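Summary of the model geometry
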Amino acid sequence: MFFLITIFLASICLVSDSVLSVTNNIVIKALVDSSTHGVAAVLSWLIVVLKCHNKSTMIINSVFELFLCGLMASAIDIDHFIMAKSFKLKNAMSLGKKRPIFHCTTLPIVILLLLLSASWMWDSPKMWRFGWITWISFFSHHIRDGFRRGIWLWPLGSSPPVPYYVYILITLALPYLVMVPLKGHNKISLQLSSTGYVTV
């Protein structure tokens, strides 16, 4: 199952990147790019959900998490319109070398650290999961953009463009890497609940 989802994730990225390389229609480019960001995030979190499922994770919660992850990954590009100060797609896609705020990888790193710290402070597994949902939605988007423009880490600046095969490998590895802290946190939560300590 995980192998098939991973292959599907790779295929989505490869096919969409091929489409983007051969079309000059900005509407098609925007739709393909945005939907690919969303689908890639959903598939990445789906791998995590299936691998890290526990009794405290209801199906309806998992569906909501998948929807939220995909929505955030696609919605990141709204900052193009904010920076362009225009609702016109042409203006939003003509920012030149300027990079809008939601494309700064420092932002999701800070959000992740804040959410994980708050999770430990208030003993909230839900906040812990939301931190990693946010990370996957942002970083899957950033690494995909990164093969064209690099990764922007304020205040250090931007890296060189990420080699294409590295971007694909990181995209495929991302959900499996996120499983490590999630599984560890699940074990701790189960141990606490077995001793009568209730988390929220």
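Scroll up for the structure.
Here is a short report on the structure shown in this document. No experiment lies behind these values; they were computed from the predicted model shown. (Residues numbered from 1 in each chain as written. Predicted model: local features only at pLDDT ≥ 70, side-chain atom pairs only at ≥ 80, totals over all residues. Heavy atoms only, no water.)

**Digging into the overall build of the protein chain**
The helix and strand inventory of the protein chain stands at eight helices and two strands. Counted from the first residue to the last, the protein chain has its helices and strands arranged as α-α-α-α-α-α-α-β-β-α. Taken across its 200 residues, the protein chain has 44% of its residues classed as buried. For the protein chain, contacts bridging at least 24 residues in sequence account for 72% of all contacts bridging at least 6. (Helix = DSSP H or I, 4+ residues; strand = E, 2+ residues; numbered from the N terminus. Buried < 20%, exposed > 50% of the residue type's maximum accessible area, 1.4 Å probe, protein only. Contact = heavy atoms within 4.5 Å.)

**Quick notes on helix H7 (residues 125-149)**
For H7, spanning 25 residues, the distance from its first C-alpha to its last is 35 Å, which sits close to the expected 36 Å at 1.5 Å a residue. Of all 25 residues that make up H7, 19 are buried, and the element is covered over most of its length. Just beyond H7, the residue with positive phi is Gly150, at close to 85°. (Expected span 1.5 Å × (residues − 1).)

**Some details on unusual backbone geometry**
The omega angle of the peptide bond from Trp154 to Pro155 is 5°, so this bond is cis rather than trans. For Pro155, the location among the structural elements is in the loop between strand S1 (152-153) and strand S2 (157-158). Phi at Lys85 is positive, roughly 55°, even though this residue is not glycine. Looking at the element boundaries, Lys85 is found in the loop between helix H4 (78-84) and helix H5 (89-92). Owing to a relative accessible area of 78%, Lys85 belongs among the exposed residues under this scheme. Even without glycine at this site, Asp123 takes up a positive phi of about 50°.

**Brief notes about helix H1 (residues 2-22)**
When the terminal C-alpha atoms of H1 are compared, their 31 Å separation across 21 residues agrees well with the 30 Å that a helix rising 1.5 Å per residue should span. The complete set of buried residues in H1 reads Ile5, Thr6, Leu9, Ala10, Cys13, Ser16, Asp17 and Leu20. Mapping the buried residues of H1 onto a view down its axis gives an arc of 140°, with all of them on the same face. Away from its buried face, by an angle of more than 90 degrees, H1 presents the exposed residues Phe3, Leu4, Val15 and Val22. (Arc of directions from axis to C-beta.)

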